[in-house]
Amino acid sequence: MPYADLREFVAALEEAGELKRVRAEVDPILEVAEVADRVSKSGGTSSQNPGGSALLFENLKGHPGAKLLINQFGSEGRMKLALGVGSLDEISGRIKELMNMKSPEGFFEKVKMLPMLAEFGKFFPKTVSTGPCKEVIKKGDAVNLLEFPILKCWPLDAGRFITLPCVITRDPKTGKRNVGMYRMQVYDKNTTGMHWQRQKVAAEHMRERLRLGAASDAHGSESYRASSVDIMARSLGGSQLAQGERPTGRMEVAAAIGTEPALTFSAIVPAPPEVEEFIVAGFLRQQPVELVKCETVDLEVPATAEIVLEGYVQLDELRSEGPFGDHTGFYTPADDYPVFHVTCVTHRKEPIYATTIVGKPPMEDAYMGKAVERIFLPLMRLTLPEIVDINLPIEGCFHNLMMVSIRKSYPGQARKVMNGIWSLGQAMFTKCIIVVDEDVDVQNIAEVVLRVSNNIDPERDIEFTLGPIDSLDHASRQPNYGSKMGIDATRKWKTEGFDRPWPDEIKMSEEVKKKVDQMWKGLGV
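Bear in mind that the values here come from a model prediction, so they are computed numbers and not experimental data.

## What about the overall build of the chain?
And then number 1: Each helix and strand counted, the chain has 15 helices and 23 strands in total.
And then number 2: Residue burial in the chain is summarised as follows: out of 525 residues, 51% are buried.
And then number 3: In the chain, the share of contacts with a sequence separation of at least 24, taken over all contacts with a separation of at least 6, comes to 71%.
And then number 4: On the chain, roughly 24,700 Å² of surface is accessible, and the fraction owed to carbon and sulfur atoms is 54%.

Structure follows, in C-alpha cells:
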C-alpha cells in the first residue's frame, strides 16, 4: 500500500532499520549539513549500507520542538521503499506496458481493457474538502518562515535555503498544473527567492505571464523601471520588452514541504510536458494524490503535506539569489531571480520539516537521480529504440556524463543517438555522451573506459556541438550556452570509412573455463 503521508514513510524507515533519530542538539546553520554529509558518504556507494541512514533531528538549536528529516532518499534501498517496489525495474515494466498498449479492435478486446482503464483512473488526483495540512493556518503578519529549521548548508551560501519543496504553478494558457523542485533562498519572514532556471517549466509559465501582461498592458508610468523587467526577461530566457511595456500583476505559487515520498520524487522526474506530476505520483503510488484548495491563491496542494507556503511572484520584481553550494560540488554564483511573497502558511501540528543538501557526490540526490535513470529508460527507448542501457555516473553529476550502449545496425548510428539524446527534454544538458556497442556493460565503468581508450581515433570519433547548457555549469563560454562532446566508441565498419581489420577481443574458451572451474578447489590458489 502507498504511504498516506510523510509520517507513514518515516515509520516505515524506522521499522526497516533505515532511520536514526538524532536527539543531541544540532544547529541548522551548517551543523546539520555537516552531519548529513558525513552520513551520506559513509562507506561510499560500494559499502553494505551506501548512503548511510535517514536522519530525523529532534533537538534543533533555536527551534524547540521542531523535527527535521534529511537523507530520506539517500540509498537504493530507501528509494525502493519510498516507491513501494522490490526493484525499480517494476516501475519501468509498468511504463513499458503502457507504451505497448494497442487500441482494441473488437468488442471483446474492448471489454478486456476495462479493468486496465479502471486502473488508469487511480492515477488522477482528487480534490478533498480539507486535510492535515490545514491543522494550523497563519496569514498576513502571522506568517514567519523563520519559525522553521531551514538550513544554511555551506559556509559561502547566501543564507538559508528551502531545498526540498514541491513548487506548484499553473500554465496561464492551458490551466495545467506543474510540480517542480526549485530551491528557495529565505530573505526574511515572508519572502524567498524562486530559483526558476530558464529551461524549467515554472520559468515558462512566468514567461507566458510576462507575454500576456505585456500584450494587455498600457504604457507604464514614469516610476516604472523598464530596466528591471528587461533583466527579468533575459533571466527567464525571454526577449527584451519594448520601451514602456510593463508586465503587471502577479503569478500565484504554492510550495508543499514534506509530502509523501512518491510525490516528492515526482517533482524531479522528467515527465512529458502534457502530464501533470500529480498524475505521475498517482501512477507511482497506484493511488490518487489527494489535494485541497489553498487559502489565499487559486491552486491545489497535497492534503497531507507537512507544510504549505502560499503566495505570489510579482512579475516586475527580481532580486539577487545565491551563491549556493550545488550538486556539482561547486558554488553557483549569485544571479537575479523572481521573488516569492508568502501570503499564508498552513501546516500540520508539530510539522516535520523535510529537507536535503547537495554537494560533492555521493549525496542523497545521487540516488534520486539513479532512480530517474532506471525508471525512464523505457521512455528514451520510445524515441531511440536502439538504446540497450544507459548509465549516468554519480560522479558526473548526471548532466555532465552519460554512457550509452546501442544495437548498432547502420553506419553513423552512434552519432544519431548522441543528437537524439541532446533533443530529449532535460537530456539536452548532457555535456558528454559516450556510445558503445551492446555487448558493453555500461554499469561497469572500467569496461567502458577500456573500450573508449582502445576503440577511438580522437580526431575521427569525437564530435563537438553547441547548444543549451545547464545554468549550473560554471565552465561554459556563456551562461546557459556552450559546447558538448560525443564520443563514438563503437566498433568501426568499412561503411564508416574504416578499412583495417577490427581485432577480436581476448576471451578464454568456455571449454577451458569449465575445466578450470572443476579443478579450482584442488589448485591451492
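## Quick look at helix α13 (residues 445-455)
And then number 1: Residues Glu447, Val448, Arg451, Val452 and Asn455 constitute the buried set of α13. Angularly, the buried residues of α13 cover 130 degrees about the axis, an arc narrow enough to put them on a single face. Facing away from the buried surface of α13 by more than 90 degrees, the exposed residues are Ala446, Ser453 and Asn454.
And then number 2: Of the surrounding secondary structure, the elements contacted by the buried residues of α13 are β20 (401-406), β21 (432-437), α14 (458-461) and β23 (481-488).

## Comments concerning a nonpolar patch on the surface
And then number 1: Together, Met519, Trp520, Leu523 and Val525 make up a nonpolar patch on the protein surface, roughly 430 Å² of accessible area in all.
And then number 2: The partly exposed category is assigned to Leu523, whose relative accessible area is 39%.

## Topic: the packing of aromatic side chains
And then number 1: Applying the stated criterion across every chain yields a total of six aromatic pairs.
And then number 2: Both rings, one in Phe123 and one in Phe283, keep their centres 5.3 Å apart while their planes meet at 85 degrees; by these two values the pair is edge-to-face. Of this pair, Phe123 sits in the loop between α5 (107-120) and β4 (126-127) while Phe283 sits in helix α9 (residues 277-285), and the two are 160 residues apart along the sequence. Both residues of the pair, Phe123 and Phe283, belong to the buried class.
And then number 3: Within the aromatic cluster, the residues linked to one another by ring pairs are Tyr3, Phe9 and Phe73.

## A short note on the sheet that holds strand β2 (residues 54-57)
Each strand in a sheet pairs with another by means of backbone hydrogen bonds, the pair being arranged parallel or else antiparallel.
And then number 1: The strand order β1-β2-β3-β18 describes an open sheet built from four strands, whose pairing is mixed. Only two strands of the sheet have a single neighbouring strand rather than two, namely β1 (19-22) and β18 (352-354). Along the sheet, successive strands turn relative to each other by an average axial angle of 25 degrees, direction set aside.
And then number 2: Here strand β3 (residues 67-70) pairs with β18 via three bridges, running parallel. The residue of β18 that forms the bridge with Leu69 is Ala354.

## Examining the packing of helix α3 (residues 76-83) against helix α10 (residues 364-375)
And then number 1: One way to put it is that α3 packs onto α10 with a least axis distance of 9 Å and a crossing angle of 60 degrees. Crossing handedness for the pair α3 and α10: right-handed. Mapping the contact onto sequence places Glu76, Met79 and Leu83 in α3 and Tyr367, Met368, Ala371 and Ile375 in α10.
And then number 2: Its residues assigned to classes, the contact of α3 with α10 comprises six nonpolar, no polar and one charged.

## Examining the sheet that holds strand β12 (residues 290-293)
And then number 1: As summarised here, the arrangement of the three strands in space is β4-β12-β13, forming an open sheet in which the pairing is mixed. A strand with exactly one partner marks an edge of an open sheet, and here the two such strands are β4 and β13 (300-302).
And then number 2: Sheet topology places β12 next to β13; three bridges connect them, and they run antiparallel. Of the residues in β13, the one forming a bridge with Leu291 is Pro302.

## What to know about the pairing of β3
And then number 1: As defined by bridge partners, β2 adjoins β3 across three bridges and the pair is classed as antiparallel. Its bridge partner being in β3, Phe57 is matched across the sheet by Leu68.

## Regarding the environment of Ser453
And then number 1: If you trace the backbone, Ser453 turns up in helix α13.
And then number 2: Within polar-contact distance, the side chain of Ser453 engages the backbone oxygen of Val449 at 2.8 Å.

Basis of the calculations
- Within each chain, residues carry numbers counting from 1 in the order of the written sequence.
- In keeping with the model being predicted, local features are shown solely for residues with a pLDDT of at least 70 and side-chain atom pairs are shown and tallied solely at 80 or more, while totals for entire chains, interfaces and linings include all residues.
- Heavy atoms from the whole structure form the basis of all side-chain values; hydrogens and water molecules are not counted.
- Secondary structure is summarised from DSSP: a helix means a run of H or I of at least four residues, a strand means a run of E of at least two, and numbering begins at the N terminus for each.
- Any residue under 20% of the maximum accessible area for its type is buried, any over 50% is exposed, and the rest in between are partly exposed; the area is computed with a 1.4 Å probe on protein chains only.
- Residues are treated as being in contact if the distance between any of their heavy atoms lies within 4.5 Å.
- With residues, only the protein chains shown are counted as cover, and all accessible areas are computed by Shrake-Rupley using a 1.4 Å probe.
- The arc in question is the one spanned by the directions pointing from the helix axis to the C-beta atoms.
- What goes into a patch is any residue over 30% in relative accessible area without a salt bridge, connected to like charges within 9 Å or, for nonpolar side chains (Val, Leu, Ile, Met, Phe, Trp, Tyr), within 5 Å.
- By salt bridge we mean one thing: a side-chain nitrogen of Lys or Arg within 4 Å of a carboxyl oxygen of Asp or Glu.
- Each pair of aromatic rings taken from Phe, Tyr and Trp, with Trp reduced to its six-membered ring, is defined by centres within 6.5 Å and is described as stacked if the planes are under 30 degrees apart, edge-to-face if over 60, and tilted in the remaining cases.
- Two strands are said to pair when DSSP picks up at least two bridges between them.
- A fitted line through C-alpha atoms serves as each axis, taken over the contacting stretch for helices, and the angle formed by two N-to-C directions is quoted from 0 to 180°.
- Crossing handedness is defined as follows: a turn of the near helix away from the far one that is anticlockwise and smaller than a right angle gives a left-handed crossing, while the clockwise case is right-handed.
- Polarity classes work like this: nonpolar for Ala, Val, Leu, Ile, Met, Phe, Trp, Tyr, Cys and Pro, charged for Asp, Glu, Lys and Arg, and polar for all others, with Gly in that last group.
- As used in this structure description, the phrase polar contact means that two N or O atoms lie within 3.5 Å; if the pair is within protein, one of them must be able to donate a hydrogen and the other to accept it, and residues adjacent in sequence are counted only when both atoms belong to side chains.

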